[in-house]
Amino acid sequence: MPSHIRERAQIYRIASIPGDGIGVDITEAALRVLATLSTTLGTFELETTTFDWSSANYLTRGHYMPEDGLTQLKAFDAIYFGAVGWPSVPDHISLWNLILPIRKALNQYVNVRPTRILAGTKSPLVGCERGDLDWVIVRENSEGEYAGQGGISHEHSDHAIGTELAIFTQVGIERIMRFAFETARSRPRKKLTMVTKSNAQRHGMVLWDRIFYEVAKGYEDVDIDKMLVDAMTVRMVLNPKSLDTIVATNLHADILSDLAAALSGSIGIAPSSNLDPTRKNPSMFEPIHGSAPDIAGKGIANPVGAFWSAAEMVRWLGEEKAADGLMRAIENVTAAGVSTKDLGGSADTKTVTDAVCKEIEKLGKLAPAPAPASQNPHGLSINQSFTNRPVVTTIKGFPPIVALHPHMPMRNHHLADLRLLLFALHALSQPIKQAQSPGPHHLRIQRIPSLRVHRIPFHSHHPLDPNLVRPMWLPEGDDVASLDIAPAVCVPLDQHLILLARLVYLRGQRRCHRLSVYAVDAEKVVADEEACADDENSAGADAGDTRELACTRRSRWRR
Ligand SMILES: NC(=O)c1ccc[n+]([C@@H]2O[C@H](COP(=O)([O-])OP(=O)(O)OC[C@H]3O[C@@H](n4cnc5c(N)ncnc54)[C@H](O)[C@@H]3O)[C@@H](O)[C@H]2O)c1
Ligand SMILES: O=C(O)C[C@@H](O)C(=O)O
């Protein structure tokens with residue numbers, strides 16, 4: 001890597017909610033493992049804030065979250081959750097005052113629950129070997145029996161009536177189906193099984209069936225089948241190999257995923273990701289188990305599900321290699337037979353955690369050096385690897401360059417999705433400060449914030465397809481005066497097309513110009529953005545020639 005280029009570790013802000021019972025033990029263990037991962041790899045940092053929202057505090061304060069709890073969470077890049085629920089508080093109070101409002105308010109409409117038999121562990125199913133059970137359950141996470149509709153009338157009489165209304169909407173079903181198809185398509189077997197109960201439940205479940213087949217038309221490469229949930233339990237036990245990706249309603253998938261976890265060895269190993277695929281809100285990662293009051297405080301909870309959830313969080317944040325490393329470390333430990341009682345071992349939570357940390361450190365020593373950044377002939381330097389994580393590269397004399405390829409589970413086939421590009425704009429609209437060292441020309445971004453953007457009533461033409469008008473996402477708090485996105489300059493760089501664009505917007509009272517550089521190829525969308533200036537300073541910053549532009553920027557930022 002040329003000496004004038006430095007890569008900075010990416011910083012992510014994590015909200016940690018340990019909750020109750022073993023949620024506290026496994027969250028502590030997971031944060032330790034994450035800290036070891038971050039220190040060992042040096043490619044990312046986590047700034048963790050812990051919230052003491054628990055049943056014990058509910059009993060003393062009268063609430064789990066404060067009134068602005070959900071707003072507070074929105075400021076983070078991701079949420080790490082332990083478990084909630086304690087015998088002294090009715091379960092529907094704990095669930096409906098903490099975890100369910102988070103899932104709902106933060107639009108986490110997908111719950112991904114992978115299950116497989118980890119190295120060194122055994123399924124209770126006779127003859128079921130590693131590889132015979134390798135599933136991803138996609139749980140609809142916002143509606144069904146969890147919609148919160150219903151009530152109790154005549155409560156204190158012999159005629160009490162309780163209703164629990166299951167709500168299924170076209171929008172809700174379609175979006176989960178698309179996510180499930182994309183998930184199935186991304187896996188080697190490209191196989192999706194849809195689960196309902198459309199024989200007995202003749203409205204919402206029938207709608208599920210219909211939409212499943214409609215969405216399937218766009219995924220002819222995915223092999224599909226449909227099961228009734230009762231028969232599905234039989235198939236999971238008797239023919240686990242016949243399944244791969246599974247999509248089911250909120251309630252059905254909740255139940256099936258506990259069964260799946262048990263069939264893969266223990267509920268203690270199973271992870272989950274509550275995702276907002278739009279990435280407008282932080283997603284939440286948690287093991288699927290509860291607070292396990294029967295073993296709480298004994299230090300014997302299996303932390304593997306918590307570690308796996310942490311790996312999924314890191315992956316969602318874009319740190320693929322770190323996630324793979326963490327999974328390797330976990331499986332090296334299970335393969336060595338270091339496991340808790342639920343998996344047939346005798347280790348406690350701390351022993352397993354220590355072992356995983358040691359494995360991470362060992363793997364860190366073997367890790368190859370990061371790929372060097374490439375320098376294009378026009379003076380713009382872009383990280384060559386175009387990985388899924390945001391890469392911040394600082395170049396002496398230039399503002400930082402950010403390469404973003406947000407990990408989009410919904411594959412976007414458009415070449416340059418403006419939303420992604422504006423993520424980069426938003427990232428750079430955060431305070432950029434002149435570093436104290438190493439020199440006056442060295443600029444850096446303090447952090448990449450969570451992608452808090454809001455939709456504004458504004459549309460623009462797609463840069464590559466003038467007929468395609470798309471909604472835009474803009475930096476929070478900034479008013480757009482005008483937008484000028486045009487492929488004025490196209491420079492081929494390693495098989496990537498570089499487009500320049502100019503965004504003019506108001507920041508407070510100032511009028512700002514922002515020049516953007518987009519690197520695009522057929523499969524990836526990478527936004528590479530830089531240069532923002534007050535109006536009076538931006539003269540000459542026209543997208544005429546890349547080399548000239550680079551020079552303009554250099555002199556402007558040197559002042
Ligand atoms: N997402 C959540 O926060 C969540 C999920 C499920 C249950 N809950 C709540 O948790 C409380 C207890 O629920 P439950 O008993 O039905 O389910 P649970 O998952 O807490 O426990 C079920 C059984 O599995 C064992 N177990 C769970 N996790 C384990 C681990 N990591 N290592 C070893 N053994 C483990 C427990 O000891 C228990 O025997 C309830 O209040 C419930 O509402 C919360
Ligand atoms: O969502 C639920 O029903 C609570 C718990 O079972 C879970 O899966 O998180």
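The name that an unreviewed UniProt entry assigns to the protein is D-malate dehydrogenase (decarboxylating), with the source organism given as Massariosphaeria phaeospora. The Sequence similarities (unreviewed entry) comment attached to the protein in UniProt states, word for word, "Belongs to the isocitrate and isopropylmalate dehydrogenases family." Under the UniProt heading Catalytic activity (unreviewed entry), the note attached to the protein is "(R)-malate + NAD(+) = pyruvate + CO2 + NADH".

**Q** Looking at this structure, how should I read the packing of helix H5 (residues 170–186) against helix H6 (residues 204–216)?
**A** Packing of H5 against H6 brings their axes to within 9 Å, and their N-to-C directions diverge by 45°. Considered as vectors, H5 and H6 are oriented oblique to each other. Relative to H6, the crossing made by H5 is right-handed. Counted together, Gln170, Ile173, Glu174, Ile176, Met177, Arg178 and Phe181 of H5 and Leu207, Trp208, Arg210, Ile211, Phe212, Val215 and Ala216 of H6 form the full contact between these two elements.

**Q** So what exactly am I meant to see when it comes to the sheet that holds strand S3 (residues 44–50) here?
**A** The pairing of strands in a sheet happens through backbone hydrogen bonds and is either parallel or antiparallel. Strand order in this open sheet of ten strands is S3-S2-S4-S13-S12-S5-S6-S11-S9-S10, and the pairing throughout is mixed. Each of the sheet's edge strands pairs with one partner strand only, and the pair in question is S3 and strand S10 (223–228). Between one strand axis and the next, the sheet turns by 25° as a mean value, whatever way the strands run. Pairing between strand S9 (residues 191–196) and strand S11 (residues 245–248): three bridges, direction parallel. The residue bridging Leu192 from the neighbouring strand is Thr245, located in S11. Contacts between H5 and the sheet are confined to strand S5 (110–116), strand S6 (134–140), S9, S10, S11 and strand S12 (271–275), with S6 contributing the most and set at about 165° to the helix.

**Q** Whenever I open this one, the pairing of S9 confuses me. Can you help?
**A** The side chains of a regular strand alternate between both faces of the sheet. The buried count for S9 comes to six of six residues, which makes it a mostly enclosed element. As defined by bridge partners, S9 adjoins S10 across six bridges and the pair is classed as parallel. For Leu192, the partnering residue across the bridge sits in S10 and is Ile224. Running through H6, the crossover from S9 to the neighbouring parallel element S10 is right-handed.

**Q** Would you take a moment to explain the nonpolar core for this structure?
**A** One recurring pattern in soluble globular proteins is that nonpolar side chains are buried together. With 67 residues, the main nonpolar core has Tyr80, Met177, Trp208, Val247, Leu326 and Val356 as its most contacted residues. Counting contributing residues, this core receives three or more from each of domain 1 (1–121 + 265–370) and domain 2 (123–132 + 146–264). Each residue touching Met177, except ones within four places of it in the same chain, is listed here: Met194, Trp208, Ile211, Phe212, Val215 and Val247. In this structure, Ile17, Trp53, Leu73 and Met284 belong to the second largest nonpolar core, which totals 19 residues.

**Q** Can you help me understand the site of ligand 2 in this one?
**A** What surrounds ligand 2 is the set Leu95, Arg103, Arg113, Arg139, Tyr146 and Asp254. Arg103 places a polar side-chain atom, nitrogen or oxygen, 2.8 Å from an oxygen atom of ligand 2. Asp254 is positioned with one of its side-chain polar atoms (N or O) 2.9 Å from an oxygen atom of ligand 2. In isolation ligand 2 has 260 Å² of accessible area, and contact with the protein removes 81% of it.

**Q** Even after reading the chapter, I still don't get the packing of helix H7 (residues 229–238) against helix H8 (residues 250–263), so can you show me in this structure?
**A** Helix packing geometry: the angle between the two helix axes and the distance between the axes. Taken N-terminus to C-terminus, the directions of H7 and H8 make an angle of 15°; their axes are 11 Å apart at the nearest point. Regarding the angle of H7 to H8, the classification is roughly parallel. Seen along the crossing, H7 lies across H8 with a hand that is right-handed. Together, Val229, Met232, Thr233, Met236 and Val237 of H7 and His252, Leu256, Leu259, Ala260 and Leu263 of H8 make up the contact between the two elements. The class makeup of the residues in the contact of H7 with H8 is eight nonpolar, two polar and no charged.

**Q** What is the right way to look at the pattern of salt bridges in this model?
**A** One side chain can pair with another of opposite charge once the charged atoms of both are near each other. Using the criterion set out here, one finds 23 salt bridges in the structure. Its salt-bridge partner being Arg187, residue Asp134 comes within 3.2 Å of it at the nearest N-O pair. Of this pair, Asp134 sits in strand S6 while Arg187 sits in the loop between H5 and S9, and the two are 53 residues apart along the sequence. Accessibility expressed as a relative area gives 32% for Asp134, which makes it partly exposed. Between Asp225 and Arg235 there is a salt bridge, with its nearest N and O atoms 2.8 Å apart. Of this pair, Asp225 sits in strand S10 while Arg235 sits in helix H7, and the two are ten residues apart along the sequence. With a relative accessible area of 15%, Arg235 lands in the buried category. Among the charged side chains, a network of salt bridges with common partners joins Asp134, Arg187, Arg189 and Asp244.

**Q** Honestly, the confidence of the model for the protein in this entry has me stumped. Any pointers?
**A** Should pLDDT be low for a region, the predicted coordinates there are not to be read in detail. With 64% of its residues at a pLDDT of 70 or more, the protein has an overall mean of 73. This model gives residues 1–8 a pLDDT under 50, and the stretch forms 32 contacts once residues within four places in sequence are excluded. Here residues 513–559 is modelled with pLDDT under 50, and outside its nearest four sequence neighbours on either side it reaches 157 contacts, counting other chains as well. Listed scores for the predicted complex are pTM 0.71 and ipTM 0.99.

**Q** What am I meant to see in the side chain of Asp20 here?
**A** Along the polypeptide, Asp20 turns up in the loop between strand S2 (10–19) and helix H1 (22–41). Here Asp20 is buried and forms no salt bridge, its nearest opposite-charge partner Arg61 lying at an N-O distance of 10 Å. Beyond its immediate stretch of four places on either side in the chain, Asp20 contacts Ser54, Ser55, Ala56, Ala83, Val84, Gly85, Trp86 and Ser291.

**Q** In this structure, what is going on with the site of ligand 1? I would like to understand it.
**A** Val84, Asp91, Gly290, Ala292 and Asp294 are the nearest of the 22 residues found near ligand 1. In the environment of ligand 1, a nitrogen atom lies 3.4 Å from a nitrogen or oxygen atom belonging to the side chain of His289. Taking Ser291, its main chain carries an N or O atom lying 3.1 Å from an oxygen atom of ligand 1. Considered on its own, ligand 1 offers 800 Å² of accessible surface; in the complex 71% of this is hidden by protein. Of the residues contributing to the shell around ligand 1, the split by class is twelve nonpolar, six polar and four charged.

**Q** What exactly am I supposed to notice about unusual backbone geometry here?
**A** Residues apart from glycine generally show negative phi values, whereas peptide bonds are mostly found in trans. Phi is positive for His154, close to 50°, though the residue is something other than glycine. One can find His154 in the loop between strand S7 (144–153) and strand S8 (161–167). Non-glycine residue Ala292 carries a positive phi angle of around 40°. Assignment of secondary structure puts Ala292 in the loop between strand S13 (283–287) and helix H9 (304–316).

**Q** Can you walk me through a nonpolar patch on the surface in this structure?
**A** Taken together, the side chains of Val234, Val237 and Leu238 present a nonpolar region at the surface, about 270 Å² in accessible area. Looking at where Val237 falls in the secondary structure, it is placed in helix H7.

Criteria and cut-off values
- Numbering of residues starts from 1 in each chain and follows the order in which that chain's sequence is written.
- Following the order in which they are written, the chains are lettered starting with A and the ligands numbered starting with 1.
- Where totals are concerned, whole chains, interfaces and linings use all residues; where local detail is concerned, this predicted model gives features only for residues with pLDDT of at least 70, and gives and counts side-chain atom pairs only at 80 or more.
- Side-chain metrics in this entry use all non-hydrogen atoms of the structure; hydrogen atoms and water are not considered.
- UniProt positions are given in the numbering used here, feature names are shortened, and annotations may be inferred rather than shown by experiment.
- Axes here refer to lines fitted to C-alpha atoms; in helices the fit is confined to the stretch in contact. Angles between the N-to-C directions go from 0 to 180 degrees.
- Note on conventions: DSSP H or I runs of at least 4 residues are helices, E runs of at least 2 residues are strands, and numbering of each starts at the N terminus.
- Reported orientations rely on four angle classes, namely roughly parallel under 35 degrees, roughly antiparallel over 145, roughly perpendicular from 65 to 115, and oblique for the rest.
- Handedness of a crossing follows from how the near helix is turned relative to the far one, being left-handed for an anticlockwise turn of less than a right angle and right-handed for a clockwise one.
- In what follows, residue pairs with any heavy atoms lying within 4.5 Å of each other are defined as contacts.
- When DSSP finds two or more bridges between a pair of strands, those strands are recorded as paired.
- Three labels apply to residues, based on accessible area from a 1.4 Å probe with only protein chains included: buried if under 20% of the type maximum, exposed if over 50%, partly exposed otherwise in between.
- Convention used here: a crossover is right-handed provided that the path from the first strand, over the helix, to the second strand proceeds clockwise when the strands point away from the viewer.
- Buried Ala, Val, Leu, Ile, Met, Phe, Trp, Tyr and Cys residues that are joined via side-chain atoms within 4.5 Å together make up what is termed a nonpolar core.
- Segment limits for the domains were obtained from an automatic or database-derived domain assignment.
- Nearness is defined per residue: one heavy atom within 4 Å of the molecule or strand is enough.
- Pairs of N or O atoms are called polar contacts if they sit within 3.5 Å, as long as, within protein, a hydrogen donor faces a hydrogen acceptor (for residues adjacent in sequence, only side-chain-to-side-chain pairs).
- The Shrake-Rupley method, run with a 1.4 Å probe sphere, supplies the accessible areas, and residue values consider only the shown protein chains as cover.
- For this classification, Asp, Glu, Lys and Arg are treated as charged, while Ala, Val, Leu, Ile, Met, Phe, Trp, Tyr, Cys and Pro are nonpolar and the rest, including Gly, are polar.
- What counts as a salt bridge is simple: a side-chain nitrogen of Lys or Arg found within 4 Å of a carboxyl oxygen of Asp or Glu.
- Scored between 0 and 100, pLDDT is the confidence that the predictor attaches to each residue.
- Neither His nor the chain ends is counted toward charge; the positive residues are Lys and Arg and the negative residues Asp and Glu.
- A patch consists of residues whose relative accessible area exceeds 30% and which take part in no salt bridge; residues with like charges are grouped when within 9 Å of each other, and nonpolar side chains (Val, Leu, Ile, Met, Phe, Trp, Tyr) when within 5 Å.

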